[in-house]
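What follows is the residue order along each chain.
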Amino acid sequence: MPRPPRLSPDELAAAMHGLPLWSGDGDGIRRSVQLPSFRDAVAAIVSIADVAEEMDHHPDVDLRWRTLHLTLVSHSAGGVSELDLELARRIDALLP
């Protein structure tokens, strides 16, 4: 199945209005979230991993104690694609 192409700067800017917890540019979008405990952060990673596997689209995840730093980019598209936006929406539904 073909992967979606990189979004144009205008498409990405318009989409980012619907993702207020995320920031970034055409090279990647990012979100950080602090959870109540280290175990809560690890559990969040497991939930994100389930969604990522289902979508066959995987975020970069950096865990620092109880803070998750997430970066989404479609390497095959050379930047942010609709897959990243959908994964961001699905991650938002999982996190506070």
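Residues numbered from 1 in each chain as written. Predicted model: local features only at pLDDT ≥ 70, side-chain atom pairs only at ≥ 80, totals over all residues. Heavy atoms only, no water.

Chemist: Requested: an account of the packing of aromatic side chains, with residues and values cited.
Modeler: In this description, an aromatic ring pair is defined by two values, namely the gap between the centres and the angle between the planes. A full pass over the atoms with the stated rule returns 0 aromatic pairs. Above the face of the Trp65 ring, Arg66 is positioned so that its terminal group lies 4.7 Å from the ring centre. (Phe/Tyr/Trp six-rings, centres within 6.5 Å; stacked < 30°, edge-to-face > 60°. Lys NZ or Arg CZ within 6 Å of the ring centre and 35° of its normal.)

Chemist: How would you summarise the nonpolar core if you had to cite specific residues and measurements?
Modeler: Core analysis: the biggest nonpolar cluster contains 23 residues, and Trp22, Ile29 and Ile91 have the highest contact counts within it. Mapped onto this core, the elements with two or more residues apiece are α1 (9–16), β2 (28–34), α2 (38–55), β4 (67–72) and α3 (82–94). Setting aside its immediate chain neighbours within four residues, Ile29 contacts Leu12, Met16, Trp22, Ser23, Gly24, Leu70, Thr71, Leu72, Val80, Asp84, Leu85 and Ala88. (Core = buried A, V, L, I, M, F, W, Y, C linked by side-chain atoms within 4.5 Å. Buried < 20%, exposed > 50% of the residue type's maximum accessible area, 1.4 Å probe, protein only. Helix = DSSP H or I, 4+ residues; strand = E, 2+ residues; numbered from the N terminus. Contact = heavy atoms within 4.5 Å.)

Chemist: So what's going on with the side chain of Asp84? Which residues, and what values?
Modeler: Tracing the backbone shows Asp84 in helix α3. Although Asp84 is buried, it makes no salt bridge; Arg3 carries the closest opposite charge, 8.5 Å away. At 3.1 Å, the side chain of Asp84 forms a polar contact with the backbone nitrogen of Val73. Here Asp84 is in contact with Ile29, His57, Leu72, Val73, Ser74 and Gly79, once residues within four sequence places are set aside. (Lys, Arg positive; Asp, Glu negative; His and termini not counted. Salt bridge = Lys/Arg side-chain N within 4 Å of Asp/Glu carboxyl O. Polar contact = N/O pair within 3.5 Å; in protein donor to acceptor, adjacent residues only side chain to side chain.)

Chemist: Let's hear about the sheet that holds strand β3 (residues 60–64): which residues, and what values?
Modeler: Pairing within the open sheet is antiparallel, and its 4 strands lie in the order β1-β2-β4-β3. With one partner strand each, in any of the chains shown, β1 (23–25) and β3 form the two edges of the open sheet. Within the sheet, the average angular offset between the axes of one strand and its neighbour, ignoring direction, is 15 degrees. Relative to β4, α3 is tilted by about 160 degrees, and along the sheet it contacts β2 and β4. (Pairing = 2+ DSSP bridges. Axes fitted to C-alpha atoms, helices over the stretch in contact; angles between N-to-C directions.)

Chemist: If you had to explain α3 to someone new, which residues and values would you point to?
Modeler: For α3, which comprises 13 residues, the first-to-last C-alpha distance of 19 Å matches the rise-based estimate of 18 Å (1.5 Å per residue) to within 8%. Residues of α3 that are buried include every one of Leu83, Asp84, Leu85, Leu87, Ala88 and Ile91, and no others. For α3, the elements touching its buried residues are α1, β2, α2 and β4. (Expected span 1.5 Å × (residues − 1).)

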